[in-house]
Number of protein chains: 2
Amino acid sequence: MKIAVLGAGGMGSRFGLYLHRAGNEVVMIDGWKANVDAIRANGLKADLNGTEIVDRIPVFTPEEADKADMNADLIIVLVKAPQLEGILEAVKPLFKEDTHVICLMNGIGHEDVLKKYVKPENILLGVTMWTAGMKGPGSVELLGDGYVEIQELYPEGKEEALKIIDAFDKAGLRPKYSENLHYSIYRKACINGVINTLCALMDCNMMELAAMPYTADISRKIVSEFAACAAKEGVTLDQEEVNKAILVSCEPEHIGKHYPSMYQDLINNHRKTEIDYINGAISRKGKRYDVPTPYCDLITELIHNKEQFIGAK
Amino acid sequence: MKIAVLGAGGMGSRFGLYLHRAGNEVVMIDGWKANVDAIRANGLKADLNGTEIVDRIPVFTPEEADKADMNADLIIVLVKAPQLEGILEAVKPLFKEDTHVICLMNGIGHEDVLKKYVKPENILLGVTMWTAGMKGPGSVELLGDGYVEIQELYPEGKEEALKIIDAFDKAGLRPKYSENLHYSIYRKACINGVINTLCALMDCNMMELAAMPYTADISRKIVSEFAACAAKEGVTLDQEEVNKAILVSCEPEHIGKHYPSMYQDLINNHRKTEIDYINGAISRKGKRYDVPTPYCDLITELIHNKEQFIGAK
């Protein structure tokens, strides 16, 4: 399969590496010049559960997409939300008539952006439960185990979904076909909408967040707003299960000591966050469906205030 | 007049000093032992608009209240909200049959606590627009100009209100009798409920807060919740005026570079805040009146989370 991976961060590198090592023709596109330069000079380095591996994968900046010389069968999208529109515009040279695009990004509503650049029947969505982190330019850390759920956005895409599952399976990415991916997307966004946002606002790790006296109450309110919007789209979120999953994942024996990605983006790296595709997406849906979402509204506003205050780019 | 001032912080010291220098018999009660010791050893020192003054005023800890040997005509309450109940319990020896109590503390609803210790008809309320700050134990900074509005809680207290105004006037405290103190209390609490809370949450000064892109919107939402509760008590808050006053007070030529008291309490001094008598009071009223107050709810929860996280006492 000819595969272009948009985004050579931790997660994009995981998918690029696994698929390349399984014999697919892979190119990677990334907007961070220092990262592209490092991968080109030294290969893509990964700490794969303690084993150092290095893989030579062609890599290009979005502006160099025409040099990639690929008519992609599949484009995997794993960029940060604020970069999505720009990179889709830039990588038009990679598209052929029947190129399919699968979005594995965190958050809700990316398909609305994708539809501006991709035929809707060629769009697929996924939720990845793998972890991944960047150590520095050209160097990633891929720890633990995971899986990825996949479903087509429109019925015409089902055949392609099964082809992707076959390719991902051969690469060891543990794909599952989902009959209700919309549920999984909502569930994951909801977990991020509590943990990532509150750790970034409180300046704490997940364990510390869970130990605070009002976290469980705030969590219930946020989850109920996600659930109210999901219900308008025919998705019945199991609120009790999600609230429980949030608290369990913050336990020290899980990833409690972890500072979630929004914390890393905002506090450590002074980068704009994905808030508009998490709680901010619920605020927009709430307006559309006439459902009050005040907790998501205020959290989105506070995160944007903080982005501006610390000069996030 | 025999006057006991509860709280020898910045504001309590301003009232104690002015009234003592005007010839009243004044004692001060304060829970901070180092402060009491310093005032006892060296007198109460104040920087009064650049002039250093020192005044010998009898001062006691709450536990020593019986040693004050005073049957007070008036008790002025200027402690931090979380200390109110404890200090009222401790200073019972100061009360005689017709002791009146005037509460000049920030926030809403202190009268509910006062009523447990004072005959309701003997309670008066006030709003002070003076500023005051602590430099250290026994040393305060009293800058700028101000005034204080006063009104009785029940009609029986009006005569006493006029007596207090006379005493305050002779002391230079610029009192005004208010026909609608409830309005002034709501207005000031509302301003604090936006500026103090958001500076503490965003870790910024007032000027920086006002420069953030969503502050005006958050302000409008918070003010509307205060106004909805005030309306249930017959107070019609002028929301546009209050929102404007909030932004004006954050301008650099006003006190924009100032870190408000809740910031000082929480971030600098790791002390519990007055949130339960500002936004938290609106949350409680909202429940009672069946008025939604989600912005005040979430802000109260976030401040309490932060108090716990940083070990505020």
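I will try to describe carefully the structure that is included in this document. Here the structure is a predicted model, which is why all the values come from computation and not from measurement. (Residues numbered from 1 in each chain as written. Chains lettered and ligands numbered in written order. Predicted model: local features only at pLDDT ≥ 70, side-chain atom pairs only at ≥ 80, totals over all residues. Heavy atoms only, no water.)

Let us now look at the interface of chain B and chain A. Taken together, the contact pairs 26 residues of chain B with 26 residues of chain A. Around 2400 Å² of area is buried between chain B and chain A when both sides are counted, 70% of it from carbon and sulfur atoms. Contact with chain A buries area across many residues of chain B, yet M202(B), N305(B) and F309(B) alone supply 26% of it, more than any other trio. At the boundary of chain B with chain A, the tally comes to zero salt bridges. At the junction of chain B with chain A, the criterion picks out eight residue pairs in polar contact (both at pLDDT 80 or more). Those elements that provide at least two residues to the side of chain B that touches chain A are α6 (181-202), α7 (206-211), α8 (215-232) and α12 (294-309) of chain B. Among the elements that take part in the side of chain B that touches chain A, α12(B) stands out by supplying twelve residues, more than any other. Of the residues that constitute the side of chain B that touches chain A, the class distribution is 15 nonpolar, four polar and seven charged. (Contact = heavy atoms within 4.5 Å. Buried area = accessible area lost by both parts, 1.4 Å probe. Salt bridge = Lys/Arg side-chain N within 4 Å of Asp/Glu carboxyl O. Polar contact = N/O pair within 3.5 Å; in protein donor to acceptor, adjacent residues only side chain to side chain. Helix = DSSP H or I, 4+ residues; strand = E, 2+ residues; numbered from the N terminus. Nonpolar A, V, L, I, M, F, W, Y, C, P; charged D, E, K, R; others polar.)

Turning to the packing of aromatic side chains, a few remarks are in order. Residues and elements named next belong to chain B. This structure, assessed with the given rule, holds six aromatic pairs over all chains. Measuring from centroid to centroid gives 4.5 Å for Y259 and Y263, while their planes differ by 40 degrees, and the two rings are tilted. For Y263, a relative accessible area of 8% puts it in the buried group. Over the ring of Y277 we find R284, and its NZ or CZ is 5.6 Å from the ring centre. (Phe/Tyr/Trp six-rings, centres within 6.5 Å; stacked < 30°, edge-to-face > 60°. Buried < 20%, exposed > 50% of the residue type's maximum accessible area, 1.4 Å probe, protein only. Lys NZ or Arg CZ within 6 Å of the ring centre and 35° of its normal.)

So, about the pairing of strand β9 (residues 133-136) of chain B. Working note: regular strand, side chains alternate between the two faces of the sheet. Residue and element names in this part refer to chain B. By the bridge criterion, three bridges tie β9 to strand β10 (residues 139-142) in an arrangement that is antiparallel. Paired with M134 across the bridge in β10 is V140. In this antiparallel pair of consecutive strands, β9 and β10, the connection spans two residues, and G138 shows a positive phi of 75 degrees. (Pairing = 2+ DSSP bridges.)

Residue and element names in this part refer to chain A. At a minimum axis separation of 10 Å, helix α8 (residues 215-232) and helix α9 (residues 239-249) run at an interaxial angle of 135 degrees. When the axes of α8 and α9 are compared, the pair comes out oblique. By crossing handedness, the relation of α8 to α9 is classed as right-handed. Contacts between α8 and α9 pair A216, S219, R220, V223, S224 and A227 from the former with Q239, V242, N243, I246 and L247 from the latter. (Axes fitted to C-alpha atoms, helices over the stretch in contact; angles between N-to-C directions. Parallel < 35°, antiparallel > 145°, perpendicular 65-115°, else oblique. Left-handed = near helix turned anticlockwise from the far one by under 90°.)

All right, on to the sheet that holds strand β12 (residues 175-177) of chain A then. Residue and element names in this part refer to chain A. With mixed pairing, eight strands are arranged side by side in an open sheet as β5-β2-β1-β6-β7-β8-β11-β12. Edge strands, defined here as strands with exactly one partner in the open sheet, are β5 (59-60) and β12. Across the sheet, helix α5 (residues 158-170) lies against β6 (74-77), β7 (100-103), β8 (123-128), β11 (148-152) and β12, angled at about 155 degrees from β12, the strand it touches most.

This brings us to the sheet that holds strand β7 (residues 100-103) of chain B. Residues and elements named next belong to chain B. If you trace the eight strands from one edge of the open sheet to the other, you get β5-β2-β1-β6-β7-β8-β11-β12, paired in mixed fashion. At either margin of the open sheet sits one strand with a lone partner, and together these are β5 (59-60) and β12 (175-177). With four bridges connecting them, strand β6 (residues 74-77) and β7 associate as parallel partners. Considered in β7, the bridge of L74 is made with H100. Most of the contacts of helix α5 (residues 158-170) go to β12, to which it runs at about 155 degrees, and overall it touches β6, β7, β8 (123-128), β11 (148-152) and β12. Where α6 meets the sheet, its contacts fall on β8 and β11, and the angle it forms with β8 comes to roughly 45 degrees.

Worth remembering: the numbers are spatial, not functional.
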